[in-house]
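# Understanding the architecture of this molecule
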Amino acid sequence: MTRMGGTWQNWGRSEAVRPRLVERPASVEEVQRSVEAAGRAGMRVKPIGAGHSFSGIAVAPDVLLELEDLSGVVSIDRDRRRVRLLAGTRLHQVPKLLAPFGLAMQNLGDIDRQSISGAISTGTHGTGARFGGIATQVVGATIVTASGELLTVDETQNAELLPAIAPGLGALGVLVDVTLQCVPAFVMHAVERPEPLADVLANLDERVAVADHFEYYWFPHTDVALTKTNTRLPGDAPRHPLPRVGKWIDEELMANGLYRAVCATGKAVPGIVPSFSRLAVHLTGNREFTDASTGVFTQNRAVRFKEMEYALPAENVRPAFEALRALIDERGWKISFPVEVRFAAADDLWMSTAHGRASGYIAVHRYWREDPTEYFQAVEQIMLSFGGRPHWGKMHTLDASILRERYARFDDFLALRDRLDPERRFQNDYLARVLGD
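Rules behind the numbers
- Residues numbered from 1 in each chain as written.
- Predicted model: local features only at pLDDT ≥ 70, side-chain atom pairs only at ≥ 80, totals over all residues.
- Heavy atoms only, no water.
- Buried < 20%, exposed > 50% of the residue type's maximum accessible area, 1.4 Å probe, protein only.
- Helix = DSSP H or I, 4+ residues; strand = E, 2+ residues; numbered from the N terminus.
- Pairing = 2+ DSSP bridges.
- Axes fitted to C-alpha atoms, helices over the stretch in contact; angles between N-to-C directions.
- Contact = heavy atoms within 4.5 Å.
- Salt bridge = Lys/Arg side-chain N within 4 Å of Asp/Glu carboxyl O.

## Remarks on the pairing of strand 15 (residues 213-218)
- Of all six residues that make up strand 15, six are buried, and the element is covered over most of its length.
- Side-chain alternation along strand 15 places His213, Glu215 and Tyr217 on one buried face and Phe214, Tyr216 and Trp218 on a second face that is also buried.
- Taken together, the six bridges between strand 15 and strand 16 (residues 224-233) define a ladder with antiparallel strand orientation. If you follow Tyr217 over to strand 16, its bridge partner there is Leu226.
- Sheet topology places strand 15 next to strand 19 (residues 339-344); three bridges connect them, and they run antiparallel. Across the sheet, residue Tyr216 finds its bridge partner in strand 19, namely Val341.

## What to know about the sheet that holds strand 11 (residues 150-153)
- Spatially, the five strands line up as an open sheet ordered 7-8-12-10-11, and their pairing is antiparallel. Where the open sheet ends on each side, the last strands, each with one partner, are strand 7 (73-77) and strand 11. Here the strands of the sheet are splayed against their neighbours by 10 degrees on average, with no regard to which way each runs.
- Strand direction decides the pairing type here: strand 7 and strand 8 (residues 82-86), joined by four bridges, are antiparallel. By the bridge assignment, Ser75 is partnered in strand 8 with Arg84.
- On the sheet, helix 1 (residues 28-41) packs against strand 10 (138-144), strand 11 and strand 12 (174-181) and is oriented at approximately 140 degrees with respect to strand 12.

## Quick word on the pattern of salt bridges
- All told, the structure shown has 26 salt bridges when counted by the stated rule.
- Of the charged contacts, one joins Asp212 and Arg130 as a salt bridge, the two residues approaching to 2.6 Å between their closest N and O atoms. Of this pair, Asp212 sits in the loop between helix 6 (204-210) and strand 15 while Arg130 sits in the loop between helix 3 (116-122) and strand 10, placing them 82 residues apart in sequence.
- The class of Asp212 is buried, set by a relative accessible area of 15%.
- One salt bridge connects Glu309 with Arg342, and the closest N-O pair in it is separated by 3.0 Å. With Glu309 in strand 18 (residues 305-313) and Arg342 in strand 19, this residue pair connects regions lying 33 residues apart in the sequence.
- Exposure remark for Glu309: the relative accessible area of 1% places this residue in the buried category.
- On the accessibility criterion, Arg342 (4% relative accessible area) is buried.

Printed below as a string of structure tokens:
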């Protein structure tokens, strides 16, 4: 289906565009025809997922491809626990698709609204020092190149390209399907509790090393860390999920409903923010339960925000975090959104933020109606001083001249882009900035 474009906005309202055409392909062949037609018309073409990137990576000024109809399971290899999914499949759909086969994704982030192709292309990740981001679960993929041809990448075909296409930033072609290495379905025991921030920081390396999955949130203007420690258990382990009413109170009434009201009020009256933050750490984040992995990894976030996140060498997380705390105190900012700290294993993916190093991630947020510029730019300078790499799908100001220094395979990736998309059919302003023309 093709129609004239209205205005497209991402979820965080940090990007907007009015594309010349919007197409909604329902098959791989229709994607190929769209790319070929764009080429004949001299137009650029970009697929979008769920719009959960805060950067301009998915902005489509000419032809916007909505891949929502390109969804579901293509095939499954039960013996090797591999599942081939169409690119538009949403992460929140995956658990039900995998359940009949007794499988699960090895790790997930804390939001599951994204498409599988969008999460892979931007380097989306969860937490856990022994686990990589979602792209590390990719063992095969098919992309439509700028010529409209299909390029298959797996262990038997073009295997040398696998570390380049995941994450591929949408710069090499249109992902139309991906094959994931899954694991047997498993259960997790979750312990979420407030702890003195000083204690968490003092024992941070040990906490990260011992736990399967560890992260913490810190509300500025408090001395408390809201910690999350998840332990992996066999799929047949007893489950003790959160009571439905209690979960609704924690996640919908408190974390979304009340929090949305406070953020809106805090924009008009910033002075209330510290008091609310101190109250929030006492009213939320104190619970223990056991449930299916996907029920523990993900949560519903309905309060709209803007986000910047940097990946750091794991050993630099604590000093960078402490510099961030000092910055907020020094500037006197009233920050209503918490700072999130997570961890991931090193990988060998060319454009992964964890390429070649065990990594920690520090994410900062602002309510979507607030201007994040001053806060984000000051935090960015701290992250850069500690060896940071920006998350591709989140807000940052870096360009190719700086990013080249931070990725050992940067020029190899550009050479592959020259080969697959010499006319920059998949280019947009964001990619021109971070990769160069």
